[in-house]
Amino acid sequence: MEALKEIEVVRPQAAEKLAEETLRGEVDAVVAFHQGDVRAAITTLLLDCHHLRLQLALRDKDLSRGMACERTTSFERR
């Protein structure tokens, strides 16, 4: 039973290390794109996040509207 607890503890640490190693190059590229200005890099990434959240919200709204229209259409056909 103790071995399972150790595995559970090690797994998140291993995942964090792998993620850090994988993203290190991407982070370096973003900072380099902004000529080393970390604040500008973070600002750009936050603006990208806001834009993507807006796109998802609009998509969800369209999906909801599409489902509502579908229900109405199928209701009218009966």
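Our subject is the structure that appears above.
What you see is a predicted model, and the numbers here were worked out from it, not measured in a lab.

When helices and strands are tallied, the chain shows two helices and zero strands. When the accessible surface of the chain is summed, it comes to about 7,400 Å², and 61% of that surface belongs to carbon and sulfur atoms.

Let us now look at the pattern of salt bridges. Evaluation of the coordinates by the stated rule reveals two salt bridges. Residue Arg24 is joined to Glu20 by a salt bridge in which the shortest nitrogen-to-oxygen separation is 2.9 Å. Of this pair, Arg24 and Glu20 both sit in helix α1 (residues 2–33), four residues apart, roughly one helical turn. Among the salt bridges present, the one from Arg59 reaches Asp60, with a minimum N-O distance of 2.7 Å. Under the relative-accessibility criterion, Arg59 is labelled partly exposed at 45%.

Definitions and limits used
Residues numbered from 1 in each chain as written. Predicted model: local features only at pLDDT ≥ 70, side-chain atom pairs only at ≥ 80, totals over all residues. Heavy atoms only, no water. Helix = DSSP H or I, 4+ residues; strand = E, 2+ residues; numbered from the N terminus. Areas by Shrake-Rupley, 256 points an atom, 1.4 Å probe, with all protein chains shown as cover. Salt bridge = Lys/Arg side-chain N within 4 Å of Asp/Glu carboxyl O. Buried < 20%, exposed > 50% of the residue type's maximum accessible area, 1.4 Å probe, protein only.

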